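# What the coordinates show
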Amino acid sequence: MRRLLWIPLLLLLGTALAACEDDQPRTSPDSAYQAPEPTTVPAAAPAPDRGQTLYNTWRCAGCHGEQAQGQVGGALAGTTLPFEQFVQAVRQTRPPKPAFSTAELTDGDVRDIYAWVTSLPASAEVAAAVQLGPGEVLGMSVWTQSGCDACHGAFAQGSPYAPALVETDLSLDDFLAALRRDVTTIPEHGPDAISDEWAARLYRWLVAGASITGGC
Ligand code: HEC
Ligand code: HEC
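The text that follows walks through the structure, step by step, so that each part is easy to find.

Here is what the cut-offs are and how they apply
- Residues numbered from 1 in each chain as written.
- Chains lettered and ligands numbered in written order.
- Predicted model: local features only at pLDDT ≥ 70, side-chain atom pairs only at ≥ 80, totals over all residues.
- Heavy atoms only, no water.
- Donors = N, O, S within 2.8 Å, 3.2 Å for Na, K, Ca; no water.
- Tetrahedral: all angles 85-135°; square planar, octahedral: opposite > 155°, others 65-115°.
- Helix = DSSP H or I, 4+ residues; strand = E, 2+ residues; numbered from the N terminus.
- Buried < 20%, exposed > 50% of the residue type's maximum accessible area, 1.4 Å probe, protein only.
- Near = heavy atom within 4 Å.
- Polar contact = N/O pair within 3.5 Å; in protein donor to acceptor, adjacent residues only side chain to side chain.
- 1 Å grid on protein atoms, 1.4 Å probe; cavity = no way out; pocket = protein on both sides within 12 Å on 5 of 7 lines; lining within 4 Å.
- Sits in = over half its atoms within 2 Å of the grid points.
- Nonpolar A, V, L, I, M, F, W, Y, C, P; charged D, E, K, R; others polar.

Taken together, the protein donors to the iron atom of ligand 2 comprise His152 (NE2) and His189 (NE2), at separations of 2.0 Å. Seen from the iron atom of ligand 2, its six donor atoms lie at angles of 85 to 180°, and the figure they make is octahedral. Separated by 37 residues along the polypeptide, His152 in helix H7 (residues 149-152) and His189 in the loop between helix H8 (172-179) and helix H9 (196-207) bring together distant segments of the chain. Of the two residues, His152 and His189, neither departs from the other in class, the shared state being buried.

So, in structure tokens, the structure goes:
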């Protein structure tokens, strides 16, 4: 519910930031993850091949398996979800699944991904679960549960609203100080939303490249 209240503010923030950050790249120049440029004009007809490429570049494969047979996320191959619900699921955060905004994937992009996964036969073969160290949790779970993906991009690559955080150059102290700088406008930056301990764990995960199957 609170997220909904934030939407108008987010849009305002986005406009303000877009105005002063016009010539800054929207995506981070990191080697670990370079978000592809979204296309604005959807292809004339659903293009499953293009969908497969997008599926890989946007790292759906890392969680749903190379052939969409399921892993961290359920199987998408041969999904019976209607397209509207499929798009909705793509747009929503479902920890550890990040939300993908229209700045990341247009509806046309999602339609191509949908065209590809629905062209695949449903498979019973599910990839092995992710192994984490003792006491570790999936970094993506902390990232998405804390709502950071909504502004900083699905994989912390940056968005029109907020800077990239993957492979940040900040020291841990500077990271925490920057996080707490303005908790009135951005309540998700506040200690009620994320404790210092979890922010520090998230920091380690970000510095290590924000791997979608990595723990923290
Ligand atoms: C960090 C892991 C992760 C990434 C990356 C990810 N997903 Fe998911 N996805 C999940 C999880 C977990 C769920 C929810 C549980 C489930 O459906 O198994 C989910 C659910 C979904 C659903 C709803 C499925 C249903 O039957 O309700 C769709 C559709 C989906 N993801 C599509 C995508 C697409 C497309 C991408 C890439 C653009 C993507 N996901 C990237 C983990 C991920
Ligand atoms: C409502 C949008 C929004 C959400 C949600 C959000 N941020 Fe931010 N974040 C921003 C904006 C805008 C900035 C840049 C302005 C600022 O630093 O206040 C920023 C800046 C930061 C910075 C400083 C980066 C730098 O280089 O100075 C850190 C660190 C940060 N965010 C971490 C997080 C973490 C961790 C989360 C999740 C717990 C999160 N943010 C959630 C909008 C958001």
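Back to the text.
With that out of the way, let us pick up the site of ligand 1. Surrounding ligand 1, one finds 20 residues, the nearest of these being Cys60, Cys63, His64, Gly74 and Lys97. The separation between a nitrogen atom of ligand 1 and a polar side-chain atom of His64 is 2.9 Å. Between ligand 1 and the protein, one listed contact pairs an oxygen atom with a side-chain N or O atom of Arg94 at 3.3 Å. At a threshold of 2 Å from the grid points, most atoms of ligand 1 map onto the second largest pocket. For the shell around ligand 1, the secondary-structure elements that each account for two or more residues are helix H3 (60-64) and helix H4 (83-91). Its residues assigned to classes, the shell around ligand 1 comprises 14 nonpolar, three polar and three charged.

Purely geometric numbers; function is a separate question.
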